[in-house]
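# A closer look at the structure
The lines below spell out each chain.
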Amino acid sequence: MKVTVLPTFDMVLLGGTGDLVTRKLLPALYRRHVAGQISADSRIIGVARTDFSRSDYLSLSQKTCQAFLKEEFDLAHWEAFAVLLDYIKVDAEIASDYARLAASFTHRAEVVRVFFFSTASDLFAGICENLNNAGLVTNLSRVVLEKPLGHDMLSADFINHQVGRVFAERQIYRIDHYLGKEAVQNLMALRFGNALFEPLWRRGLIKHVQITVAEELGVERRGHFYDKTGALRDMVQNHLLQLLCIMAMEPPASSDPDAVRDEKLKVLRALKPLRGQDVLTKTVRGQYKAGAAGGVAVPGYLNETNIAPDSTTETFVALKVEIDTWRWAGVPFYLRTGKRLQDRVTELVVTFDEVPHPIFENSPSHTANELLIRLQPDESITLTILAKNPGEGMRLKPVSLGLDLGDSFRTPSLDAYERLLMDTVKGNLTLFMRRDEVDAAWRWIDPIRAGWEQFDEKPKIYVAGSWGPAASSALISRDGFSWHDEL
Ligand code: BG6
């Protein structure tokens, strides 16, 4: 794959010793360096309050990159990459610490600066102010904000406001790494690069849509963060709603960032609110108990590290979502996500209407065409059609037309963070969320939480390694459908 070397940049990774930086961002940058995209005079600076020397930081980073990249890791390449790496001790909340960071930027005013905030979002406002007061924010600076941005609409609004006092909207990159996934971009290609699907993509032809983001992993080492957050804020407010937007949006007039983001915003604003009693019939909260993952016994959520023993945080959510537009009125979208489910799978299933009048006897009843778009772990598109069973008589049977994208394009695809980090350097905002999108997503999410509190809706327990609580199957079967894996 041909790559262009990017102009020199300085990237400051705040929260530099944390999981995201060491396990995702640094490996992604290493890969881009190996691919030849990062110029030799660029710099990557880890920043955290740990009392590390540069060499401590290099050994930590080397260890985690090696573990993450496995056989892809090459010592000679690493040594070349490590030349760009530095570490500066800064406590994000201590203003005077930023002078140390500022000192390393003398004579670099003309260079693109990316500040990646990989810290808790309640620190974002203070960090911006401190960066600004230390004279670190230039016209060529950009800030990258990790999700979830805040914990509800009010807190997100406050953070956005404070960040906006220092950075212009064109300098703010709100990250949702799902938007950087090759497969998610392929979904755009499928919908807007082919004339075939557009006429079918609407009420009257589509019966319902399912979006599943299932994880086999539990909360891992993130108990502290997760217990305060839960699946609704961690996954639904961002990743699932973004997938829903791409599935449901109108064709944008161009691929220009704002053209795309305007259309996604319209979907978010058209979501039918789930208020009050709706939470009892259209949402399911779950929490896993001990079970098995990949054949190995695993503890329940309440026995994970850093989880309150009486926690009522949800690790699973299923929702019935309706979109109040001409295109989608009456077409339910079922969303589901959870930790410690049976498999790691992200898939979208579009079920089309049945034929209005069956003319063949012995056809399977209630079998409709189905488009299965699988985004993870493998990328594939499968269309189920009905074909004649060979032999006498007209007996129809479902068969699959399949496309394995990995087989079709034998080039390795970029990891989401590789693409998104390079986009921040290039100044391409298309795959990042605009402030109004984040606001609209919280505006829809907040009443769900409020409803759970109002009705004291405790999570339903499911066994680790299953597909979630029975109530999730009931949610969809009440409408006469079933989850794709339950067919
Ligand atoms: C993150 C969530 O945003 O996405 C995690 O905070 C989750 O809880 C992860 O595990 C899933 O991402 P992926 O790319 O592994 O599907």
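Residues numbered from 1 in each chain as written. Predicted model: local features only at pLDDT ≥ 70, side-chain atom pairs only at ≥ 80, totals over all residues. Heavy atoms only, no water.

### What to know about the pattern of salt bridges
A side chain of one charge can pair with a side chain of the opposite charge if their charged atoms are brought near each other. All chains considered together, the criterion is met by 36 salt bridges. Taking the shortest distance from any N to any O, the salt bridge between glutamate 418 and arginine 31 comes out at 3.1 Å. Taken as a pair, glutamate 418 in helix 12 (residues 416–426) and arginine 31 in helix 1 (residues 19–34) lie far apart in primary sequence, 387 residues in all. It is possible to trace a salt-bridge network through shared partners that takes in Arg191, Glu198, Arg202, Glu250 and Arg327. (Salt bridge = Lys/Arg side-chain N within 4 Å of Asp/Glu carboxyl O. Helix = DSSP H or I, 4+ residues; strand = E, 2+ residues; numbered from the N terminus.)

### Description of the site of the ligand
Every residue lining the ligand is accounted for by Lys147, His177, Tyr178, Lys181, Glu215, Arg222, Asp234, Met235, His239, Lys339, Arg344 and Gln376. Between the ligand and lysine 147, the relevant distance is 2.7 Å, taken from an oxygen atom to a side-chain nitrogen or oxygen of the residue. For the ligand, an oxygen atom lies 2.6 Å from a polar atom in the side chain of lysine 181. Relative to its unbound accessible area of 400 Å², the ligand is 82% covered by the protein chains. A class-by-class count of the residues in the shell around the ligand yields 2 nonpolar, 3 polar and 7 charged. (Near = heavy atom within 4 Å. Polar contact = N/O pair within 3.5 Å; in protein donor to acceptor, adjacent residues only side chain to side chain. Areas by Shrake-Rupley, 256 points an atom, 1.4 Å probe, with all protein chains shown as cover. Nonpolar A, V, L, I, M, F, W, Y, C, P; charged D, E, K, R; others polar.)

### Notes on the nonpolar core
In terms of nonpolar packing, the biggest core is built from 144 residues, with Leu29, Leu101, Phe117 and Phe333 touching the most fellow members. Considering every element that reaches this core, the biggest residue donor is helix 8 (residues 223–248), with 13 residues. Each residue touching leucine 29, except ones within four places of it in the same chain, is listed here: Met11, Leu13, Ile38, Ile44, Phe81, Leu421 and Met422. (Core = buried A, V, L, I, M, F, W, Y, C linked by side-chain atoms within 4.5 Å. Buried < 20%, exposed > 50% of the residue type's maximum accessible area, 1.4 Å probe, protein only. Contact = heavy atoms within 4.5 Å.)

### What to know about the packing of aromatic side chains
One pass over the full model with this rule turns up 17 aromatic pairs. Between tyrosine 334 and phenylalanine 481, the aromatic rings sit 6.1 Å apart at their centres with planes inclined by 70 degrees, giving edge-to-face as the arrangement. With tyrosine 334 in strand 12 (residues 333–338) and phenylalanine 481 in the segment after helix 14 (470–477), this pair connects stretches of sequence that are 147 residues apart. Relative accessible area serves as the criterion here: at 18%, phenylalanine 481 is assigned to the buried category. A cation over an aromatic ring shows up here: arginine 336 above the ring of tryptophan 483, its NZ or CZ 4.1 Å from the ring centre. (Phe/Tyr/Trp six-rings, centres within 6.5 Å; stacked < 30°, edge-to-face > 60°. Lys NZ or Arg CZ within 6 Å of the ring centre and 35° of its normal.)

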